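# Coordinate analysis (summary)
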Amino acid sequence: MSQLASRRIVLGVSGGIAAYKSVELCRQLVDLGAHVVPVMTADAHRFIGPVTLSALASEPVHTSLWDDASAIPHTQLGQTADIIVVAPATARVLSAYATGSSEDLLTATLIATRAPVVVCPAMHTEMWEHPAVQSNIEILRSRGVHIVEPETGRLAGGDIGAGRLASTEKICAEIIRVLGMSHDLLGLDIVVTAGGTREPIDAVRVIANRSSGKQGYAIATIAAQRGAHVTLITTVDRVVPSGVTQVQVETAQQMKDAVDAAALSADVVIMAAAVADFRPVVCADQKLKKADGVPNIVLEPTPDILAGLGQRKPLGQTLVGFAAETDSLVAHATAKLSAKCLDLIVANDVSAEGVGFGHDTNAVVLLSPHMPAMTVALADKHAIAHAVLDSVVKVRHQQQESK
Ligand code: CTP
């Protein structure tokens, strides 16, 4: 098998007990036809000898920013790699990569590259579950880094728990998947909205909803990875995904203004945001005081951004809506699909376990006049994002056929 023939892989090895497994990973990558360039941190040398890795890889181990024949080894390694894989990735390397600190050749190479990066963390359970490590993982994921999560099993010292390096087979499969990932959205201008709008009542209070923005961010991240030019219009302040232009808004009206402007030249608009349907007619300048009694807050409807876009949709544009439902999922979503003149609707039952607002996972039904209905079972929001974008590609194909 030569699934990785002529692919240049920088294999980063950092200092954890799982470093010994990088030797087997290296051998498997070479067997698959890859040209493997090993980079070890100083701590990795405490676990395995560079001679072992050099003997199995396609060239000798690189370790230092200073002793290499090349004057700028990190940029040279980063620029020539088709992919960079870090296995195992310790908590220190994750932290350095997430904060942009180029403390050694491996972290400098990670920061100096535009190639896709696969990171395979391995550490003790307590370290893996620490909020600092999890937040670094979240930051890296939102920047488009591919994470191969550790498995649960026996760890150094005999403990059993989450943190064991994923199997070499799983890591190879992810490398093959990432390298094969198509740039099928190249050249497309995609507008994505994320988060819940906040409608002010007075100087300090708002009417809000439970949307976390995670699904919208996942769509923006994956769309950019698949080559699209992405504008993300958001109410939440998460890390800006790599290659995405972010516009921060708060209210439904601000979101409408930003979306209307961006949609003029967009090929695809994906409204993943949870837009308030009603807002207070007036917003008090000062904080309403308790002593003044129960306030009489009069509401008025907000503009329906998506319905407005549907009414004046330019030829060739693909309009995607979300339907957050708690009952009669398909019936309600189908009604919205036609009422708002959409090309695709992503329906989710937000009352189901692990689905919708706040969760890292989602389960959806995709409905469109241009393709048969498709159910996507509970999966990470990035996997759902791929499914939504796959459907966008299919729908656009049908739209073009019927022009
Ligand atoms: N939407 C919008 N502007 C609004 C309300 C909703 O653009 N003022 C968009 C949402 O971003 C979503 C779709 O319309 O893509 C459906 O939103 P949803 O809240 O599910 O439905 P509503 O149309 O608001 O109807 P209801 O709340 O009665 O279910």
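All values reported here derive from a predicted model rather than from experimental measurement.

## Section: the packing of aromatic side chains
Scanning all chains against the criterion turns up zero aromatic pairs. For Arg238, the ring lying beneath its charged end belongs to Tyr217, and the centroid distance is 5.8 Å.

## Section: the sheet that holds strand S5 (residues 146-147)
Taken in spatial order, the five strands of this open sheet run S2-S1-S3-S4-S5, and their pairing is parallel. The strands lining the two open edges of the sheet, one partner per strand, are strand S2 (35-40) and S5. Two strands pair when backbone bridges link them, and strand S3 (residues 83-89) and strand S4 (residues 117-121) are joined in this way by four bridges, in the parallel orientation. Considered in S4, the bridge of Ile84 is made with Val117. Of the strands in this sheet, strand S1 (8-13), S2, S3 and S4 touch helix H5 (residues 105-112), which is tilted by about 140° from S3.

## Points about the site of the ligand
Around the ligand, the structure places 16 residues, and the nearest of them are Met271, Ala273, Phe322, Lys336 and Lys340. At 2.8 Å from an oxygen atom of the ligand is found a main-chain nitrogen or oxygen belonging to Met271. Measuring from a nitrogen atom of the ligand, one finds a backbone N or O atom of Ile305 at 3.1 Å. About the coverage of the ligand: the protein hides 78% of its 570 Å² of free accessible area.

## Quick look at the pattern of salt bridges
Taken as a whole, this structure holds 22 salt bridges when the rule is applied. With its nearest N and O atoms 3.8 Å apart, the salt bridge here joins Arg7 to Asp82. Pair noted here: Arg7 is in the segment before S1 and Asp82 is in the loop between helix H3 (73-80) and S3, with a separation of 75 residues, a long-range link. Here Glu149 and Arg141 are joined by a salt bridge, their closest N and O atoms 2.8 Å apart. Taken together, the salt bridges that share partners define one network made up of Glu24, Arg27 and Asp31.

## A look at the side chain of Thr90
Positionally, Thr90 belongs in the loop between S3 and helix H4 (91-99). Other than its neighbours up to four places away in sequence, Thr90 contacts Ser14, Gly15, Gly16, Ala122 and Met123.

## So, the side chain of Glu59
Relative to the elements of secondary structure, Glu59 occurs in the loop between helix H2 (50-56) and H3. We classify Glu59 as buried; its relative accessible area is 19%. At a separation of 2.8 Å, a polar atom in the side chain of Glu59 contacts the side chain of His35. Within the structure, the side chain of Glu59 is placed 3.0 Å from the side chain of His62, a separation counted as a polar contact. Sequence-distant contacts of Glu59, defined by excluding residues within four places in its chain, comprise Arg8, His35, Val36, Val37, Pro38 and Ser54.

## Topic: the packing of H4 against helix H7 (residues 131-142)
H7 packs onto H4 with a crossing angle of 45° between their chain directions and a minimal axis gap of 9 Å. With respect to H7, the element H4 is oriented oblique. In the crossing of H4 with H7, the sense of the turn from one axis to the other is left-handed. Residues Ala91, Leu94, Ser95, Tyr97 and Ala98 of H4 pack against Val133, Asn136, Ile137, Ile139 and Leu140 of H7. Of the residues assigned to the contact of H4 with H7, the class counts are eight nonpolar, two polar and no charged.

Conventions we followed
- Residues numbered from 1 in each chain as written.
- Predicted model: local features only at pLDDT ≥ 70, side-chain atom pairs only at ≥ 80, totals over all residues.
- Heavy atoms only, no water.
- Phe/Tyr/Trp six-rings, centres within 6.5 Å; stacked < 30°, edge-to-face > 60°.
- Lys NZ or Arg CZ within 6 Å of the ring centre and 35° of its normal.
- Pairing = 2+ DSSP bridges.
- Helix = DSSP H or I, 4+ residues; strand = E, 2+ residues; numbered from the N terminus.
- Contact = heavy atoms within 4.5 Å.
- Axes fitted to C-alpha atoms, helices over the stretch in contact; angles between N-to-C directions.
- Near = heavy atom within 4 Å.
- Polar contact = N/O pair within 3.5 Å; in protein donor to acceptor, adjacent residues only side chain to side chain.
- Areas by Shrake-Rupley, 256 points an atom, 1.4 Å probe, with all protein chains shown as cover.
- Salt bridge = Lys/Arg side-chain N within 4 Å of Asp/Glu carboxyl O.
- Buried < 20%, exposed > 50% of the residue type's maximum accessible area, 1.4 Å probe, protein only.
- Parallel < 35°, antiparallel > 145°, perpendicular 65-115°, else oblique.
- Left-handed = near helix turned anticlockwise from the far one by under 90°.
- Nonpolar A, V, L, I, M, F, W, Y, C, P; charged D, E, K, R; others polar.

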